[in-house]
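# Overview (structure and organization)
Below are the chains, spelled out letter by letter.
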Amino acid sequence: MAGTSVLQQTNFFSPPADPPQFSELNLRLKEQQCLSLLKRCKNLEDFKQAHAQIVKWGFFWNSFSASNLVAACALSDWGSLDYACSIFQQFHEPGTFEFNTMIRAHVKDMNFQDALVFYYEMLERGVEPDNFTYPALFKACAWLKAKEEGMQIHGHVFKFGFESDLYVQNSLINMYGKCGEIQHSCAVFEQMDEKSVASWSAIIAANASLGMWYECLMVFGNMSSEGCWRPEESTLVTLLSACTHLGALDLGKCTHGALLRNISELNVIVQTSLIDMYVKCGYLEKGLSLFKKMTKRNQMSYTVMISGLAMQGHGEEALGIYSMMLEEGLDPDDVVYVGVLSSCSHAGLVDEGFNCFDRMKSEHGIEPTAQHYGCMVDLMGKAGMINKALEFINSMPIKPNDVVWRSLLSACRVHCNLEIGEIAAKHLFESNSQNAGDYVILSNMYARAEKWVEVTKIRTEMARKGFNQVPGFSLVEVGRRIHKFVSQDTSHPRCGSVYEMIHQMEWQLKFEGYSPDTSQVLLDVDEEEKRQRLKGHSQKLAIAFALIHTSKGTPIRIARNLRMCSDCHTYTKLISIIYEREITVRDRNQFHHFKNGTCSCRDYW
């Protein structure tokens, strides 16, 4: 609880020795005047004058006046929490309203632990909470990630009979979601007899807080199917994030339309979210168009646009947006420079990258972080400058972290430099890296070099540490629904027709001179087995499914969780010619636009 203020030493809190003698009617009128004065307060000085009047006339000892006094001081934007605590401490028997006020005030002031202390004091003094007590408490638990305390207070909700209160249930859904207990959020949601728009928003936000983007769209679909809910702005922005992560452009467009129908004027945050969605779903032209139409831009708007251009391989255009930002008088921060350096890395602009790195330090006084150094290592690594990248790491004024060494390891994988790759991997393992991908990359490098004994050692070490390799998957949007495919997938309801389509595609590919690159199958198996495994890569399955279920000429958009192999890259280029389709693949943090047998990355990846 907040410490005792020196304000306690004033005589504001003592009842007047000889209050003026007035009739009861006149006292009521005077009390109304004092409360009216309290409502008109615009700053703490005004409040102190109103406070003095309330004490002078003896109204402080009237529970109604005292409650209004502490609420005004504690909850107003101009209020003082210390001053409010000093007032509260003068109450001989504070009631539910007063405790609720102090709990809400501490949550508002981000003093979440003190809010819980007030609640425990409330219970110790025998003051019963009501349904207004719990939403603020659950908000405090959510911020603190205090799952155990939240569950205990959830028990109190049942004890005091508020388990069916709509506002309490909504705050419970949010609290459990923020604490990572999505199953509890869903349980509360499903048990609700009556739901509100806020209930749907809370369960969607709970899924979003855990990165469960597909589930966000599923819940929203259920909400829409009921046909009686108008989504809130925050919910639509969350849906935009889901579409962004899943590469669901059509659903993103629908969400954009819903925003325009429900909101008269989109603010900078919403506009920036829309730009982010369009560029990360591969629709760069629309993202640029929205960016240029913005009447007001901030650092985040520029960062999103620069990063979006970087992902699409448009490094020079990204540098142009960066220059526009400087001309507009906005100072770049460290986040902006991550986007700028990434754009140079994706586009192979080595000299420009070094110039920007130097400019960041000399002109803008930004000390490079490990993330910036990682961008520079990635820049040199993609350009094949592996030895120079290692020298750069060894000359860093700060200790290289996992991000830096992982960038070097990835570059070594691309350029088949096993010697330096082992150095990078050694540093990652010594730092107790919990990233299974580091072990997988080194294992794959050994496999490519046909060092099967070393492969076995790495895989054994992964098993000993309990690491599981993340399975590769591809997402494709068809008919405003997201379909997920994993490698060698046989679980999809249409898998029979998908594999039949794969067979037809490979028949056509033979006429284009395609030959499977079996070196991409890093297993000690025969050539036939390798060809079968290549055939079942998730990206190929997703393309086959889209070709079956979309009309001729319709663009295909795919989002992957792992980097595509060179065989899938060659395969997709040829498919774009044979079937006359534009195919966009978001490969983690980079886009590949396949059209007429070429890729926008110019095979620089």
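An unreviewed UniProt entry annotates the protein chain as DYW domain-containing protein of Gossypium trilobum.

## Considerations on the overall build of the protein chain
Along the backbone of the protein chain there are 30 helices and 6 strands. Projected onto the principal axes, the alpha-carbon positions of the protein chain cover approximately 105 × 55 × 55 Å. Sorting the 605 residues of the protein chain into buried and exposed places 49% on the buried side. In the protein chain, 64% of the contacts between residues at least 6 apart in sequence involve partners at least 24 apart. A total accessible area of about 29,300 Å² is found for the protein chain, and carbon and sulfur atoms account for 50% of it. Between the averaged position of the 59 positive side-chain charges in the protein chain and that of its 69 negative side-chain charges there is a distance of 4 Å.

## Focus: the confidence of the model for the protein chain
Low pLDDT marks regions whose predicted coordinates should not be analysed in detail. Mean pLDDT for the protein chain: 86, with 91% of residues reaching 70 or above. Of the regions scoring below 50 in pLDDT, residues 1-18 engages in 38 contacts with residues more than four places distant in sequence or in other chains.

## Remarks on the domain arrangement of the protein chain
Domain parsing of the protein chain yields domain 1 (30-191), domain 2 (395-469) and domain 3 (473-599). Look at where the C-alpha atoms of domain 1 and domain 2 centre, and you get two points 52 Å apart.

## Focus on the environment of S566
Summarising the element assignment, S566 is placed in helix 30 (residues 566-578). As a C-alpha pair, S566 and H427 span 139 residues in sequence and 27 Å in three-dimensional space.

## Quick word on the UniProt feature "repeat: PPR" (unreviewed entry) in the protein chain
Residues annotated in UniProt with the feature "repeat: PPR" (unreviewed entry) correspond here to residues 95-129, 165-199, 267-297 and 298-332. Taken as a whole, residues 267-297 contains 74% helix and 0% strand, while its terminal C-alpha atoms sit 10 Å from one another. Taken end to end, residues 298-332 is 74% helix and 0% strand, and its first and last C-alpha atoms sit 10 Å apart.

## Here we look at a negative patch on the surface
Together, E316, E317, D351 and E352 give the surface a local cluster of negative charge. Where the negative patch is concerned, the elements lending two or more residues are helix 18 (315-327) and helix 20 (350-362). Checked against the element boundaries, E352 lands in helix 20.

## Details of helix 8 (residues 147-159)
Helix length check: helix 8 (13 residues) gives 18 Å between terminal C-alpha atoms against 18 Å at 1.5 Å per residue, within 8%. Those residues of helix 8 that fall on the buried side of the exposure criterion are G150, I153, H154 and V157. Angularly, the buried residues of helix 8 cover 110 degrees about the axis, an arc narrow enough to put them on a single face. Those residues of helix 8 that are buried are in contact with helix 6 (112-124), helix 7 (133-144), helix 9 (166-178) and helix 10 (182-190). Residue G161 follows helix 8 closely and has a positive phi angle near 80 degrees.

## Let's talk about the sheet that holds strand 2 (residues 481-486)
Read from one edge of the open sheet, 6 strands run 2-1-3-4-5-6, paired in mixed fashion. Both outer strands of the open sheet, strand 2 and strand 6 (598-599), are each paired with one neighbouring strand and no more. Strands in contact with helix 30 are strand 4 (583-587), strand 5 (590-595) and strand 6; relative to strand 5, the strand with the most contacts, it is inclined by about 40 degrees.

## Considering the packing of aromatic side chains
Following the criterion strictly, the structure yields 21 aromatic pairs and no others. When the centroid spacing of 5.9 Å and the interplanar angle of 65 degrees are considered together, the rings of F88 and F91 count as edge-to-face. Judged by centre distance (4.1 Å) and plane angle (15 degrees), the ring pair of F429 and Y439 falls under stacked. Within this pair, whereas F429 is found in helix 24 (residues 418-430), its partner Y439 is found in helix 25 (residues 436-448), the two being separated by 10 residues in sequence. Comparing F429 with Y439 shows no difference in burial state: the two are buried. An aromatic cluster is present here, built from Y119, Y120, Y134, F138 and F162 joined pairwise through their rings. The ring of F189 has K195 lying over it, and the distance from NZ or CZ to the ring centre is 4.8 Å.

## Some words on the packing of helix 25 against helix 26 (residues 452-464)
Geometry of a packed helix pair, given as the angle between the helix axes and the separation of the axes. Viewed as axis vectors pointing N to C, helix 25 and helix 26 meet at an angle of 165 degrees, and their least axial separation amounts to 8 Å. Between helix 25 and helix 26, the crossing angle belongs to the class labelled roughly antiparallel. The crossing of helix 25 and helix 26 is left-handed. Residue-level inspection shows A436, Y439, V440, L442, S443, N444, Y446 and A447 of helix 25 in contact with helix 26, the latter providing W452, E454, V455, I458, R459, E461 and M462. Here the residues of the contact of helix 25 with helix 26 are counted per class, giving 10 nonpolar, 2 polar and 3 charged.

## Regarding the nonpolar core
Among the nonpolar cores identified, the biggest contains 152 residues, and F47, Y134 and L408 are the most heavily contacted of them. Tallying contributions element by element places helix 25 first for this core, with 8 residues. With near-sequence residues (within four places) excluded, Y134 lies in contact with Y119, P129, I153, H156, V157, F160, F162, V168 and S171. Residues V478, V498, C568 and C601 belong to the second largest nonpolar core, which totals 30 residues.

Criteria and cut-off values
Residues numbered from 1 in each chain as written. Predicted model: local features only at pLDDT ≥ 70, side-chain atom pairs only at ≥ 80, totals over all residues. Heavy atoms only, no water. Helix = DSSP H or I, 4+ residues; strand = E, 2+ residues; numbered from the N terminus. Buried < 20%, exposed > 50% of the residue type's maximum accessible area, 1.4 Å probe, protein only. Contact = heavy atoms within 4.5 Å. Areas by Shrake-Rupley, 256 points an atom, 1.4 Å probe, with all protein chains shown as cover. Lys, Arg positive; Asp, Glu negative; His and termini not counted. Charge placed at Lys NZ, Arg CZ, Asp CG, Glu CD. pLDDT = per-residue confidence, 0-100. Domains from an automatic or database assignment. UniProt positions renumbered as here; feature names shortened; annotations may be inferred. Patch = residues over 30% accessible without salt bridge, like charges linked within 9 Å, V, L, I, M, F, W, Y side chains within 5 Å. Salt bridge = Lys/Arg side-chain N within 4 Å of Asp/Glu carboxyl O. Expected span 1.5 Å × (residues − 1). Arc of directions from axis to C-beta. Pairing = 2+ DSSP bridges. Axes fitted to C-alpha atoms, helices over the stretch in contact; angles between N-to-C directions. Phe/Tyr/Trp six-rings, centres within 6.5 Å; stacked < 30°, edge-to-face > 60°. Lys NZ or Arg CZ within 6 Å of the ring centre and 35° of its normal. Parallel < 35°, antiparallel > 145°, perpendicular 65-115°, else oblique. Left-handed = near helix turned anticlockwise from the far one by under 90°. Nonpolar A, V, L, I, M, F, W, Y, C, P; charged D, E, K, R; others polar. Core = buried A, V, L, I, M, F, W, Y, C linked by side-chain atoms within 4.5 Å.

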